[in-house]
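Chains, contacts and geometry: an overview
Residues per chain are reported as follows:
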Amino acid sequence: MRSHYCGELTAKNISEEVTLSGWVHRRRDHGGVIFLDLRDREGITQVVFDPDRAESFALADSCRSEFVVQIKGLVRARPEGTVNPNMVTGEIEVLGHELEILNRAATPPFQLDDHQTVGEDIRLKNRFIDLRRPEIQQKLRFRSKVTSVLRRYLDENGFLDIETPILTRATPEGARDYLVPSRTHQGSFFALPQSPQLFKQLLMVSGFDRYYQIAKCFRDEDLRADRQPEFTQIDLETSFLGQEEIMNLTEGMIANLFKELKDVDLGAFPRMPFSEAMEKYGSDKPDLRIPLTIETVSDLMTEVDFKVFSGPASDPKGRVAALKVPGGNSLTRKQIDEYTKFVGIYGAKGLAYIKVNDKSDLDEGLQSPIVKFLPTEVRQALLDRVEAQDGDLIFFGADKESIVNEALGALRCKLGADLDLYTCEWAPLWVVDFPMFEETPDGGVTAIHHPFTAPSCSPEDLKANPLTALSQAYDMVLNGTELGGGSIRIHQADMQQTVFELLNISAEEQEEKFGFLLDALKFGAPPHGGLAFGLDRLVMLMTGSASIRDVIAFPKTQSATCLLTQAPGEVSDKQLKELSIRVRKPVAE
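Within each chain, residue numbers correspond to sequence positions counted from 1 in written order. A pLDDT threshold of at least 70 governs which residues receive local features in this predicted model, and a stricter bar of 80 or more applies before side-chain atom pairs are shown or counted, although totals over entire chains, interfaces and linings include all residues. Hydrogens and water molecules were not included; the side-chain quantities draw on all heavy atoms of the structure.

1. A short note on the overall build of the protein
The helix and strand inventory of the protein stands at 17 helices and 22 strands. C-alpha extents for the protein along the principal axes are approximately 90 × 75 × 60 Å. Within the protein, buried positions represent 47% of all 589 residues. Whether two residues touch is decided by their heavy atoms; if any such pair falls within 4.5 Å, the residues are in contact. Restricting the contact set of the protein to residue pairs at least 6 apart, pairs at least 24 apart contribute 68%. Strands are runs of DSSP state E lasting at least two residues, helices are runs of H or I lasting at least four, and both sets are numbered from the N terminus onward. When a residue's accessible area, from a 1.4 Å probe over protein chains only, is under 20% of the maximum for its type it is buried; when over 50% it is exposed; and in between it is partly exposed.

Below, the structure written as structure tokens:
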């Protein structure tokens, strides 16, 4: 039904007879000559119909947006002065000889050119129309190229593409499971996998050495711009490779991807310890494009007559930190008030600041309501610590360390975007040396990653100092977004048992939730480790999209619903009865 795609025609095709099929993108009537912009997945071609061919002219006159048509005609050069350099087909047009309307279309709920003025709910409800937009089609085609390049790289490096089950059992991985009731085992439930974690470890025990899978994963958690209830991972696992070898292999994969699809050389990825990332950037996924760093000044504030600072400075779990903004004196009071509201989202009770007008004058040269509380020697030490210059502004955070890190880390990124402080387009890095555990409010410990992550110490040292032990975990970060994370896994039963004991996971719970993995570890499990990348997030970054919904064909909303299919929906009483389930409706308050 076609000889060419619409977007393929160029000046090389002039004088050729062609057959095109696609959608009417736009119809224009210019003084008795009708122009149809014909669209398919490759692009748009301008087709001209004149009155000399009465039948095709009349059909062209009846066409409307989104009609599906087939056109036969002659490729010719556009008249002088009408060339469109912004289109691949901008040098040519097709003189239409024959036109067949393959299908008429109702008036679409929105014009493809007007999508920006249409609410996202309308676009998602009519996603099959929204997907016709060239912008969305280009992103999904790019996504297809990404998976193709990744598969080729992994195939060339000896990885085997092996599928793992979707219907499995619940395991503790940090989010709620999506549960599927079993009809044949009434009262029992499958869980949709949050990741293929346990199965890929079993594949290493089975001797497959290198596994990968582009896997669907499911997590019932609160959503945001870069999260979906169902998402896609590029999942990897290897045997007999250490942490550096796995990092080098996957770094090569991402570098090759950027070079092949974007002609970007990412260079070598720096390694940064978790402690440094939190200390300097307030985040375990720092955006290194932004040349702002956070400096701890707690030691300078322990004796000041300002409890907002001296309290956290004297608290072992507190922190007082400064964030210098070069040239920040230009920020108005209104802007500073807006930033104060912004850090409040992260639990900060306020946002103290000092404007450095003249650093040589420690009395009149510093502008701030808090300067009067700081002795002269503290002011000087503070300016020296952050290397302040005239015209700079210094923001402060003072609270529990976690609140200060999160608030100033987020403020750093917002300032980078608002003030356009980016020094480069792409800034990758590895964050390493994560803590093995963090303390819970009741004095226990919980795993930073998952309970199968290997520590960097012996079982004895882990028992003695669980909160200072480091894990063999690693995250790849790009432009402040975590692309992927992984770890070396525990492959020895005594270490796994030690971790379970510290996490207060009883023998009964161990057996119930992952007894099959523990059994496998008894039968010659090799040293192994892996990593998983978020495909949706990766494509979002590479295409410059604001949300992963823009790079998923049929995404859910932020309330985890599908407006197109109206899922989730109710099911019949008959289906519920087969599953021995009775639905209890929520009681209205």
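2. Things to note about the pairing of strand E5 (residues 92-103)
Paired strands are those between which DSSP finds at least two bridges. Relative to E5, strand E3 (residues 43-49) runs parallel, the two being bridged by 2 bridges. Counted as the bridge partner of Val 47 is Val 94 from E5. Direction of pairing for strand E4 (residues 68-77) relative to E5: antiparallel, over a ladder of 10 bridges. Directly across from Val 75, in E5, lies its bridge partner Val 94.

3. Structural notes on the pattern of salt bridges
Each salt bridge in this description consists of a side-chain nitrogen of Lys or Arg and a carboxyl oxygen of Asp or Glu lying within 4 Å of one another. All told, the structure shown has 39 salt bridges when counted by the stated rule. The shortest N-O distance in the salt bridge between Glu 135 and Lys 139 comes to 3.4 Å. Of this pair, Glu 135 and Lys 139 both sit in helix H4 (residues 134-156), 4 residues apart, which is roughly one turn of that helix. For Lys 139, a relative accessible area of 10% corresponds to the buried category. One salt bridge connects Glu 230 with Lys 556, and the closest N-O pair in it is separated by 2.5 Å. Taken together, the positions of Glu 230 in strand E10 (residues 230-239) and Lys 556 in the loop between helix H16 (535-543) and helix H17 (573-578) put the pair 326 residues apart, joining distant regions of the chain.

4. Quick notes on the environment of Asn 13
Note on placement: Asn 13 falls in the segment before strand E1 (17-30). What makes Asn 13 buried here is its relative accessible area of 10%. Between the C-alpha atom of Asn 13 and that of Ile 505, which follows or precedes it by 492 residues, the distance is 70 Å. The residues touching Asn 13, leaving out its near neighbours within four places in the chain, are His 4, Glu 8 and Val 75.

5. Notes on the side chain of Ser 182
Position of Ser 182 among the secondary structure elements: in the loop between strand E7 (179-181) and strand E8 (189-191). Owing to a relative accessible area of 4%, Ser 182 belongs among the buried residues under this scheme. N or O atoms closer than or at 3.5 Å make up a polar contact, with two conditions inside protein: a donor-capable atom paired with an acceptor-capable one, and, for residues adjacent in sequence, both atoms drawn from side chains. A distance of 3.4 Å separates the side chain of Ser 182 from the side chain of Thr 184, its partner in a polar contact. Those residues in contact with Ser 182 that lie beyond four places of it in its chain are Ser 188, Phe 189, Phe 190 and Leu 579.

6. Remarks on unusual backbone geometry
Across the junction of Ala 567 and Pro 568, the peptide omega takes the value 0°, indicating a cis bond. Mapped onto the elements, Pro 568 comes out in the loop between H16 and H17. Positive phi outside glycine occurs at Asp 263, with the angle close to 55°. One non-glycine residue with positive phi stands out, namely Asn 479, at about 55°. If you trace the backbone, Asn 479 turns up in the loop between strand E20 (473-478) and strand E21 (481-488).

7. Considering the pairing of strand E13 (residues 318-325)
Across the 8 residues that make up E13, a large majority, 8, are buried. Of the two faces of E13, both are covered, the one formed by Gly 318, Val 320, Ala 322 and Lys 324 as well as the one formed by Arg 319, Ala 321, Leu 323 and Val 325. The sheet contact formed by E13 and strand E16 (residues 393-400) spans 8 bridges and is antiparallel. From the neighbouring strand, Leu 323 faces E16, where its bridge partner is Phe 395.

8. Digging into the sheet that holds strand E17 (residues 428-432)
Taking strand neighbours across the sheet as the criterion, the 8 strands line up as E6-E9-E10-E22-E21-E20-E17-E11 in an open arrangement whose pairing is mixed. The open sheet has two free edges, formed respectively by strand E6 (160-161) and strand E11 (271-273), since each of these has just one partner strand. Here 6 bridges tie E20 to E21, and the two strands are oriented antiparallel to one another. The partner of Met 476 across the bridge, within E21, is Gly 484. Axis definition: a line fit to C-alpha positions, over the contact stretch in the case of helices; interaxial angles, taken between N-to-C directions, run 0 to 180 degrees. Most of the contacts of helix H6 (residues 243-262) go to E20, to which it runs at about 20°, and overall it touches strand E9 (210-218), E10, E11, E17, E20, E21 and strand E22 (528-534).

9. Some points on the environment of Leu 300
Turning to its location among the elements, Leu 300 is positioned in helix H8 (residues 298-301). When the C-alpha positions of Leu 300 and Glu 276 are compared, they lie 20 Å apart, and in sequence the two are 24 residues distant. Apart from the residues within four sequence positions on either side, Leu 300 is in contact with Val 378, Ala 381, Leu 382 and Arg 385.

10. Focus on the packing of aromatic side chains
For Phe, Tyr and Trp, where Trp contributes only its six-membered ring, two rings pair if their centres lie within 6.5 Å, and the inter-plane angle classes them as stacked under 30 degrees, edge-to-face over 60, or tilted in between. Inspection of the entire model under this criterion finds 12 aromatic pairs. Judged by centre distance (5.0 Å) and plane angle (70°), the ring pair of Phe 306 and Phe 309 falls under edge-to-face. Grouping residues by exposure puts Phe 306 and Phe 309 together as buried. Relative to Phe 396, the ring of Phe 309 has its centre 5.4 Å away and its plane inclined at 45°; by these criteria the two rings are tilted. One end of the pair, Phe 309, is in helix H9 (residues 307-314); the other, Phe 396, is in strand E16, with 87 residues separating them in the sequence. Here Phe 309 and Phe 396 have matching classes, each one buried.

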